[in-house]
Amino acid sequence: MQLTKDNILKTLSRVQDPDLKKDLVTLGMIQNIEINGHKVSFKVVLTTPACPLKEVIKNNCLEVLEEDFGMDPEWDLFMTSQVTTIRDAAPVLPKVKNIIAIASGKGGVGKSTTAVNLAVSLAKSGAKVGLIDADISGPSIPTMFNVEAEQPTVKKVGEKNVIIPIEQYGVKLMSIGFLTPVDSAVVWRGPMASSALKQFISDVEWGELDYLLIDLPPGTSDIHLTMVQTVPVTGAVIVTTPQKVALADANKGLSMFRQPQINVPVLGVIENMAYFTPEELPDNKYYLFGNGGGKRLAEKYDVPFLGEIPIVQSIRESGDSGYPAVLKNGITQESYMNLAEEIARQIAIRNASQNKTEVVEIKA
């Protein structure tokens, strides 16, 4: 076969994205083909920098090219990424591609720890990430990022005061913990807490982000309604532990997003504290809180099971020291990086296969 751009595109049209079930050429993922003698270079633009199938797609491309053109041409594939979005021309947060709610029905299941490590994992993969601590009465993000003493600055943009978020470990952060004394309690009624969340969304200079994670408080409250009434949420992630009492509440959290008047896609379920592994016996697993509860919840609602996170001492130490576990080598880093890849994958599938989420209108 003659070495031309059209023939190269024809050959690459036989390679499918395993998740989106369409070929790379139709998806616009093959770009900048350049032919210089027997050397051919082009870009493969993936849907996320955290794509777990990067090597699979690259090898599939090389395989079909060698089938059609033989071993003579030298192929130079540059694997890059552009995170997909369905939030084009959004009036609020127009430069944010995806807004992800991290939720749980019950407190104490490690939702904030999961949100922190997920945000840092996505940033490590090369994505632009922001994190809103929406737990107004119990903000923990400043401690987990070791920025308790930080205070955001404010700048004037036209007639409006805009808050500059704190940045740590490559993640932009906003929390009520930055605006109140460390030891003081935030005793606010629902409307005040909701107003604070609206300000974190609308009055903070988030800039361009691939993913903005919102760490929600436990339960189903004013904060949850304020979020879905303020911005169209790309999808929600449910965090639970395996035992029955946590799953009962996670059921409610998940079903809230699926109510017809809210209708936020559920990207999947994470089972946190799935098992205990001693550092000195890394192959041993002890199911302290039961086994497989998160997977059963995902199957019940026919949503993806995103993965398991073990309970190990280093995760607690990382939360206390403000140095997220995903930044340390070991089993927890691998678990969180795999989790980030799977969530990024589900976001790309959701954007390709479902309509955009609408802002919720709920009458009192």
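Anything mentioned here points back to the structure above.
Residues numbered from 1 in each chain as written. Predicted model: local features only at pLDDT ≥ 70, side-chain atom pairs only at ≥ 80, totals over all residues. Heavy atoms only, no water.

What to know about the packing of aromatic side chains
- Summed over all chains, the structure comprises 5 aromatic pairs.
- Through successive ring pairs, a cluster of aromatic residues spans Phe145, Tyr169 and Tyr323.
- It is lysine 285 that lies over the ring of tyrosine 275; its NZ or CZ is 4.5 Å from the centre. (Phe/Tyr/Trp six-rings, centres within 6.5 Å; stacked < 30°, edge-to-face > 60°. Lys NZ or Arg CZ within 6 Å of the ring centre and 35° of its normal.)

Quick look at the environment of asparagine 117
- Residue placement: asparagine 117 occurs in helix α3 (residues 111-124).
- What makes asparagine 117 buried here is its relative accessible area of 3%.
- Counting along the chain gives 210 residues from asparagine 117 to leucine 327, while the straight-line C-alpha distance between them is 8.6 Å.
- Those residues within four positions of asparagine 117 in sequence are excluded, and the remaining contacts are Pro324, Ala325, Val326 and Tyr336.
- In this structure the side chain of asparagine 117 is engaged in a polar contact, spanning 3.0 Å, whose partner is the backbone nitrogen of alanine 325. (Helix = DSSP H or I, 4+ residues; strand = E, 2+ residues; numbered from the N terminus. Buried < 20%, exposed > 50% of the residue type's maximum accessible area, 1.4 Å probe, protein only. Contact = heavy atoms within 4.5 Å. Polar contact = N/O pair within 3.5 Å; in protein donor to acceptor, adjacent residues only side chain to side chain.)

A short note on the packing of α3 against helix α10 (residues 331-353)
- Relative orientation of the contacting elements α3 and α10 amounts to 75°, with a least axis distance of 9 Å. Viewed along their axes, α3 and α10 adopt a mutual orientation that is roughly perpendicular. In this structure, α3 uses Thr113, Thr114, Asn117, Leu118, Ser121, Leu122 and Lys124 to contact α10, whose residues at the interface are Gln333, Tyr336, Met337, Leu339, Ala340, Ile343 and Ala344.
- Its residues assigned to classes, the contact of α3 with α10 comprises 8 nonpolar, 5 polar and 1 charged. (Axes fitted to C-alpha atoms, helices over the stretch in contact; angles between N-to-C directions. Parallel < 35°, antiparallel > 145°, perpendicular 65-115°, else oblique. Nonpolar A, V, L, I, M, F, W, Y, C, P; charged D, E, K, R; others polar.)

Some remarks on the sheet that holds strand β10 (residues 211-215)
- Across the sheet, 8 strands lie side by side as β8-β9-β5-β10-β4-β11-β12-β13; this open sheet has mixed pairing. Each of the sheet's edge strands pairs with one partner strand only, and the pair in question is β8 (166-168) and β13 (305-311). Averaged over neighbouring strand pairs, the angle between their axes works out to 25° when direction is ignored.
- Both strand β5 (residues 129-133) and strand β9 (residues 171-175) contribute to a ladder of 5 bridges, which runs parallel. Within β9, the position partnered with valine 129 by the bridge is valine 171. (Pairing = 2+ DSSP bridges.)

Comments concerning helix α1 (residues 5-12)
- Taken together, the buried positions of α1 are occupied by Ile8, Thr11 and Leu12. The buried residues of α1 occupy an angular sector of 95° when the element is viewed end-on, so they sit on one face. Away from the buried face of α1 by more than 90 degrees, exposed residues Asp6 and Lys10 are located.
- Those residues of α1 that are buried lie in contact with β1 (30-36), β2 (39-46), α2 (54-69) and β3 (74-81). (Arc of directions from axis to C-beta.)

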